[in-house]
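# Fold and geometry: a report
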Amino acid sequence: MAKTALIQRELKRSKLVAKFASKHAELKAISKDAKRSEEERAAARDALQKMPRNANPTRQRARCEITGRPRGTFRQFGLGRSKIREMAFEGTIPGITKASW
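To start, this report covers the structure provided alongside it. For clarity, every value in this text was computed on a predicted model and none was experimentally measured.

Attention shifts here to the overall build of the chain. Of the regular secondary structure elements, the chain holds 3 helices and 2 strands. Along its sequence from the N terminus, the chain presents helices and strands in the succession α-α-β-β-α. Here the C-alpha atoms of the chain give a radius of gyration of 20 Å, more than 25% beyond the 13 Å that 2.2 N^0.38 yields for 101 residues. A principal-axis box enclosing the C-alpha atoms of the chain has dimensions of 60 × 35 × 15 Å. Within the chain, contacts between residues at least 6 apart in sequence are counted, and of these 39% link residues at least 24 apart. Accessible surface, the chain: about 8,000 Å² in total, of which carbon and sulfur atoms supply 52%. Between the averaged position of the 25 positive side-chain charges in the chain and that of its 10 negative side-chain charges there is a distance of 9 Å.

Taken as a whole, the largest pocket holds about 230 Å³ of empty space. Taken together, 15 residues make up the lining of the largest pocket; nearest its centre are Arg61, Ala62, Arg63, Cys64 and Glu65. Contributions of two or more residues to the lining of the largest pocket are made by helix H1 (4-32) and strand E1 (73-74). Tallying contributions element by element places H1 first for the lining of the largest pocket, with 4 residues. Looking at the lining of the largest pocket, its residues break down into 6 nonpolar, 4 polar and 5 charged.

The next subject is the packing of H1 against helix H2 (residues 38-50). Contact geometry of H1 with H2 gives a least axis separation of 8 Å together with a crossing angle of 145°. Note on packing geometry: the crossing formed by H1 with H2 is left-handed. Along its contact with H1, which presents His24, Leu27, Lys28, Ile30, Ser31 and Lys32, the element H2 presents Glu40, Arg41, Ala44, Arg45, Ala47 and Leu48. In terms of residue class, the contact of H1 with H2 is built from 5 nonpolar, 2 polar and 5 charged.

Cut-offs used in this document
Residues numbered from 1 in each chain as written. Predicted model: local features only at pLDDT ≥ 70, side-chain atom pairs only at ≥ 80, totals over all residues. Heavy atoms only, no water. Helix = DSSP H or I, 4+ residues; strand = E, 2+ residues; numbered from the N terminus. Rg over C-alpha atoms; globule rule 2.2 N^0.38 Å. Contact = heavy atoms within 4.5 Å. Areas by Shrake-Rupley, 256 points an atom, 1.4 Å probe, with all protein chains shown as cover. Lys, Arg positive; Asp, Glu negative; His and termini not counted. Charge placed at Lys NZ, Arg CZ, Asp CG, Glu CD. 1 Å grid on protein atoms, 1.4 Å probe; cavity = no way out; pocket = protein on both sides within 12 Å on 5 of 7 lines; lining within 4 Å. Points joined across faces, edges and corners; volume = space filled by probe spheres on them. Nonpolar A, V, L, I, M, F, W, Y, C, P; charged D, E, K, R; others polar. Axes fitted to C-alpha atoms, helices over the stretch in contact; angles between N-to-C directions. Left-handed = near helix turned anticlockwise from the far one by under 90°.

Okay, here's the thing in structure tokens:
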């Protein structure tokens, strides 16, 4: 089980990302738009840099929903590899069975 503080930090980051998502996307679009003047694009880049660091979606970490483990998580399930294995053996994940050939 991951430390509770690390899990809470991730929750805080996800809230910040959700809060600033529209503003972040708008500023990214302006900074990439070649039709805009260089001053507008520079102003958009400056505004992006002044936003909170944790508002950037790339700072989020995929964690297991059950244990909070940061590595070895599967996007499809939102679980860590060890929990997927346990739940697959129990038969609690629909469509997943133990391989045998």
